[in-house]
Amino acid sequence: MHKPLRIAAIAAACAVAGAGLYGAGAATAGQSTANSTHEPYNIGLLVKDIDTYYGTTVDANGVYQASTSSQYAKDLAKLDKAAKQQIDKAARKALKKGDKPAVVFDIDDTLLLSLDYEKKTNYTYNSTTWADYVNKADRPGVFGSAELVRYAEAKGVEVFYNSGLSEAQRSAAVANLNKIGADVNLDADHVFLKDKANPPSYLSACATPGTWTCTTVQYKSGTRKHIEQDLGYDIVANFGDQYSDLEGGYADKTYKLPNPTYFVS
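Predicted model, so just to flag it, every value in this text is computed and none were measured. (Residues numbered from 1 in each chain as written. Predicted model: local features only at pLDDT ≥ 70, side-chain atom pairs only at ≥ 80, totals over all residues. Heavy atoms only, no water.)

A.B. asks: How should the nonpolar core be read in this particular structure?
C.D. replies: One recurring pattern in soluble globular proteins: nonpolar side chains tend to sit buried together. With 50 residues, the main nonpolar core has Val 103, Phe 105, Tyr 161, Leu 177 and Phe 239 as its most contacted residues. Counting residues per element, this core draws most heavily on helix α3 (residues 71-97), at 7 residues. The residues contacting Tyr 161, other than those within four sequence positions of it, are Phe 105, Ile 107, Leu 111, Val 149, Leu 177, Ala 182, Val 184, Asn 185, Leu 186, His 190, Val 191 and Phe 192. Ranked by size, the runner-up nonpolar core spans 13 residues in total, among them Val 104, Phe 160, Leu 203 and Tyr 219. (Core = buried A, V, L, I, M, F, W, Y, C linked by side-chain atoms within 4.5 Å. Buried < 20%, exposed > 50% of the residue type's maximum accessible area, 1.4 Å probe, protein only. Helix = DSSP H or I, 4+ residues; strand = E, 2+ residues; numbered from the N terminus. Contact = heavy atoms within 4.5 Å.)

A.B. asks: Can you walk me through the pairing of strand β8 (residues 234-240) in this structure?
C.D. replies: Consecutive side chains of a regular strand alternate in pointing toward one face of the sheet and then the other. Of all 7 residues that make up β8, 6 are buried, and the element is covered over most of its length. By the bridge criterion, 5 bridges tie strand β3 (residues 101-105) to β8 in an arrangement that is parallel. By the bridge assignment, Pro 101 is partnered in β8 with Asp 234. In the sheet, β8 pairs with strand β9 (residues 254-256) via 3 bridges, with the strands oriented parallel. Bridge pairing in β9 links Gly 240 to Lys 256. (Pairing = 2+ DSSP bridges.)

A.B. asks: Looking at this structure, how should I read the sheet that holds β9?
C.D. replies: The strands making up a sheet associate through backbone hydrogen bonding, with each pair oriented either parallel or antiparallel. Here we have 5 strands laid out as an open sheet, ordered β5-β4-β3-β8-β9, and parallel in their pairing. Across the chains shown, the open sheet's two edge strands, defined by having one partner strand only, are β5 (191-194) and β9. The sheet shows a mean angle of 15 degrees between the axes of neighbouring strands, direction not considered. Docked against the sheet, helix α6 (residues 145-154) engages β3, β4 (158-166) and β8, running at close to 145 degrees with respect to β4. (Axes fitted to C-alpha atoms, helices over the stretch in contact; angles between N-to-C directions.)

A.B. asks: Honestly, α3 in this entry has me stumped. Any pointers?
C.D. replies: Three- or four-residue spacings in an α-helix give side chains the same orientation, since the helix completes a turn every 3.6 residues. For α3, with 27 residues, the first-to-last C-alpha span of 39 Å sits near the 39 Å given by 1.5 Å per residue. Following α3 by one or two positions, Gly 98 adopts a phi angle in the positive range, close to 85 degrees. (Expected span 1.5 Å × (residues − 1).)

A.B. asks: Help me understand the state of the cysteines, please; the structure alone is not making it clear to me.
C.D. replies: Here is the idea: a disulfide is a covalent bond, and it sits between the sulfur atoms of two cysteines. Under the defined criterion, the tally for this structure stands at 1 disulfide. With a sulfur-sulfur separation of 1.9 Å, Cys 206 is cross-linked through a disulfide to Cys 214. Classification of the bridge connecting Cys 206 and Cys 214 rests on its S-S torsion, roughly 80 degrees, and on that basis the disulfide is right-handed. With respect to burial, Cys 206 and Cys 214 carry one shared label: buried. (Disulfide = S-S within 2.5 Å.)

A.B. asks: Would you mind showing me how to read helix α7 (residues 170-180) here?
C.D. replies: Where α7 is concerned, the buried positions are Arg 170, Ala 172, Ala 173, Val 174, Asn 176, Leu 177 and Ile 180. Structurally, α7 contributes buried residues whose contacts are with α5 (127-135), α6, β4 and β5. Within two residues after α7, Gly 181 carries a phi angle of roughly 95 degrees, on the positive side.

A.B. asks: How should I be thinking about the packing of aromatic side chains in this particular structure?
C.D. replies: Within a pair of aromatic rings, the relevant descriptors are the distance that separates the centres and the angle that separates the planes. Counted under the stated rule, the structure contains 12 aromatic pairs. When the ring of Tyr 53 is compared with that of Tyr 54, the centres are 5.7 Å apart and the planes differ by 70 degrees; the resulting orientation is edge-to-face. Residue Tyr 53 is classed as buried on the basis of its relative accessible area, which comes to 1%. Through successive ring pairs, a cluster of aromatic residues spans Tyr 53, Tyr 54, Tyr 72 and Phe 143. Taking the ring centre of Tyr 233 as reference, the NZ or CZ of Lys 100 above it sits at 4.2 Å. Above the ring of Tyr 243, the side-chain terminus of Lys 256 is found at 5.3 Å from the ring centroid. (Phe/Tyr/Trp six-rings, centres within 6.5 Å; stacked < 30°, edge-to-face > 60°. Lys NZ or Arg CZ within 6 Å of the ring centre and 35° of its normal.)

Written out as structure tokens, the structure reads:
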């Protein structure tokens, strides 16, 4: 997970925190404000807005949690409802035609919530502290995420995962997904992670053994292309908390989950 634009993105997220503007194809305010000539939004006030949006609380173990009554939770519930309807319809159509429908999920802040890390690091990414956090395999699930994974499986839709986590973090990612109940297709044939040492041949345009130049969009869209063209699936829905999770094609429908805490280009 690479977050070089985290601090800039915090300032850019102000107009969407708590505004419920997220969903398939919805735009965020942040993408046009990074080069603004006017005074940026006050970062202290923005952090308060983000806490209000998540309904942030600290549990008995000192872990920052989102509230089930928050605007964040409400926005997710709306998205999940629409996604289930679309998956159901697309699955019935695909299966009737003899096609192989599939869904693709990002992991970080699409299935596993990293709000506690963001709060405790003051929204500042560090590869060492992030790796330690991931390897604890104790992140809570994004509200409704595990249920959506299981819903797709129940409808006869193949579930794949397409994450920016590294190959070295596979065991932790799988353990954490199991813990939250997203325990569907967690084998290496369905969980795609970055393997910079030995990248797959379908990413050869931007990655060779030991040399990785793939952008997030190249990596993720290239993986979806592999799922569709090489494995023979039709991706009926693609889920991610970043636009770079969704851009590049190879999905019938995209769903942008809310995340006002960082931006991945």
